[in-house]
Amino acid sequence: MKFNTKTIHGGQKPDKAYGAVMMPIYQTSTYAQRSPGDHKGYEYSRTHNPTRTALENALASIENGNYGLAFASGLAAIDAVLKLFKSGDEVISTNDLYGGTYRLFTKVFEDFGIKFHFVGMNDITNVEAYINQNTKLIWVETPTNPMMNIVDIKAVAHIAKQNKLLLAVDNTFATPYLQQPLALGADIVMHSATKYIGGHSDLVMGGLVVNDKELADKLYFIQNASGAISSPMDSFLALRGIKTLHVRMQRHCENGKAVAEYLKTHPKVEKVYWPGFEDHPNHLIAKTQMNDFGGMLSFVTKGDNYEQTVKIIENLKIFTLAESLGGVESLAGHPASMTHASIPKEERKKIGIVDSLIRLSIGIEDVDDLIADLEQALGK
Ligand SMILES: *Cc1c(COP(=O)(O)O)cnc(C)c1O
């Protein structure tokens, strides 16, 4: 089955009870047993729920993996991965990481004795330099937020294999439409399904996909033991979202390219961060490991003026100023005052998050309207 068919049929069969074509929302906590232990595979909904099972199978199918797991949020999924480890273990992670992941690593798991090293993975030797006998996991995010850096998954996977480490890839920005980390050598794929997988800004959810049975069993154990599962209703919404993932992503990519090219020629724009440009430092890796370049981009205006940037964002009419990304509607964000406000200004500057940086999640509206909106906002 090809990807565009898998999004609609992968792991999804008509419901056994009445043949419902869409998996129903099994809004139940428990299941009747005929005799103690004699049941139809479902006992209690923290452990298993038919709507969640359908979603987990669909997630595994679109990521070309064997086992899928759905969680209450992206961070709950990451939390489950970190619970594979114990005090004294070490993790090497990309340095420009989603803020919530960084907070979970440094403010929660560091207190439990896990040690984290945050390194720039543009240069792969940075990873090797931190490997020791306690290292257990490499955590990669690509493309990164908001600077759109690209990490070579295959190269990191090679190092992970050589040193018998697990490699996890946060595939939230790319989605399996653009990039399939398991095929590139990763052991775990993680999603904030809140973003493109759900696709309609109407749920919060996380997902994991793995190939190895033993690893899957450990994660299912943690999922049930810790209990941060996705609800039947949210599982239904995510399943519905997955069915249009390929058509949405195609339009996100087309619109993203058109907006990136428009901004690049605008006299007030200093720089556009989008991996589809040939002068993007990791363009060749992006071209090799991704099928297209996605709908996320960031840009800075000339003069790097904070007030002027706030004005531009306030003047946008179709783009909504909001956190999050990956929905059908276009969103604009100001990392310096929103997602990255807690980082001191000088530190922010070092990684490129200047005051005039604006991050855009390009939706699937008519691209002419998106460009006209940016034109009027930048012109004022
Ligand atoms: C949003 C996001 C997360 C966290 O997911 P939640 O669903 O908000 O818990 C993790 N990684 C990336 C790249 C994200 O964008």
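Above this text you will find the structure in question.
Since this is a predicted model, take the numbers as computed values, not measurements.

Thresholds, definitions, all that
Residues numbered from 1 in each chain as written. Predicted model: local features only at pLDDT ≥ 70, side-chain atom pairs only at ≥ 80, totals over all residues. Heavy atoms only, no water. Helix = DSSP H or I, 4+ residues; strand = E, 2+ residues; numbered from the N terminus. Rg over C-alpha atoms; globule rule 2.2 N^0.38 Å. Contact = heavy atoms within 4.5 Å. Pairing = 2+ DSSP bridges. Axes fitted to C-alpha atoms, helices over the stretch in contact; angles between N-to-C directions. Near = heavy atom within 4 Å. Polar contact = N/O pair within 3.5 Å; in protein donor to acceptor, adjacent residues only side chain to side chain. Areas by Shrake-Rupley, 256 points an atom, 1.4 Å probe, with all protein chains shown as cover. Nonpolar A, V, L, I, M, F, W, Y, C, P; charged D, E, K, R; others polar. Salt bridge = Lys/Arg side-chain N within 4 Å of Asp/Glu carboxyl O. Buried < 20%, exposed > 50% of the residue type's maximum accessible area, 1.4 Å probe, protein only.

Draft legend 1. The arrangement of the overall build of the protein chain in detail. Looking only at helices and strands, one finds 14 helices and 12 strands in the protein chain. Its C-alpha radius of gyration of 21 Å places the protein chain within 12% of the 21 Å reference for a compact globule of 380 residues. Projected onto the principal axes, the alpha-carbon positions of the protein chain cover approximately 75 × 50 × 35 Å. Within the protein chain, residue pairs in contact and separated by at least 24 positions form 72% of the contacts whose partners lie at least 6 positions apart.

Draft legend 2. Representation of the sheet that holds strand β9 (residues 296-301) within the structure. Taken in spatial order, the five strands of this open sheet run β8-β9-β12-β11-β10, and their pairing is mixed. Each edge of the open sheet carries a strand with a single partner, namely β8 (269-273) and β10 (320-321). Strand direction decides the pairing type here: strand β11 (residues 331-333) and strand β12 (residues 357-361), joined by three bridges, are antiparallel. From the neighbouring strand, leucine 331 faces β12, where its bridge partner is serine 361. The strands that helix α10 (residues 245-265) touches are β8, β9 and β12; relative to β9, the one it contacts most, it runs at about 10 degrees.

Draft legend 3. The arrangement of the site of the ligand in detail. Not every one of the 13 residues close to the ligand is listed here, only the nearest: Gly74, Asp170, Ser192, Thr194 and Lys195. Here an oxygen atom of the ligand sits 2.8 Å away from a polar atom, N or O, in the side chain of serine 192. In the complex, 93% of the free accessible area of the ligand, which totals 380 Å², lies under the protein chains. The residue makeup of the shell around the ligand, split by class, is five nonpolar, five polar and three charged.

Draft legend 4. A look at the environment of threonine 7. Looking at the element boundaries, threonine 7 is found in helix α1 (residues 3-9). On a C-alpha basis, the gap between threonine 7 and isoleucine 362 in space is 21 Å, while along the polypeptide they are 355 residues apart. Look past the residues within four positions of threonine 7 in its chain and what remains in contact with it is Gln12, Ile62, Ile242, Lys243, Leu245 and His246. Separated by 3.2 Å, the side chain of threonine 7 and the backbone oxygen of asparagine 4 make a polar contact.

Draft legend 5. Geometry of the pattern of salt bridges. Evaluated as defined, the whole model comprises 11 salt bridges. Between lysine 83 and aspartate 79 there is a salt bridge; the shortest N-O distance is 2.6 Å. With relative accessibility at 37%, the residue lysine 83 sits in the partly exposed group. Linking lysine 264 and aspartate 279 is a salt bridge whose minimum nitrogen-to-oxygen distance equals 3.2 Å. On the criterion of sequence distance, the pair formed by lysine 264 in helix α10 and aspartate 279 in the loop between β8 and α11 (283-289) is long-range, its members being 15 residues apart. On the basis of relative accessibility, which here comes to 54%, the residue aspartate 279 falls in the exposed class.

Draft legend 6. Here's a closer look at the sheet that holds strand β3 (residues 115-119). Overall, mixed pairing links the seven strands, which are arranged β1-β7-β6-β5-β4-β2-β3 in an open sheet. The strands lining the two open edges of the sheet, one partner per strand, are β1 (67-71) and β3. Recorded for the sheet is a direction-independent mean angle of 20 degrees between the axes of neighbouring strands. Strand direction decides the pairing type here: β1 and strand β7 (residues 206-210), joined by five bridges, are antiparallel. By the bridge assignment for β7, leucine 69 is matched with leucine 208. Sitting on the sheet, helix α2 (residues 50-62) touches β1 and β7, and the angle it makes with β1 is about 125 degrees.

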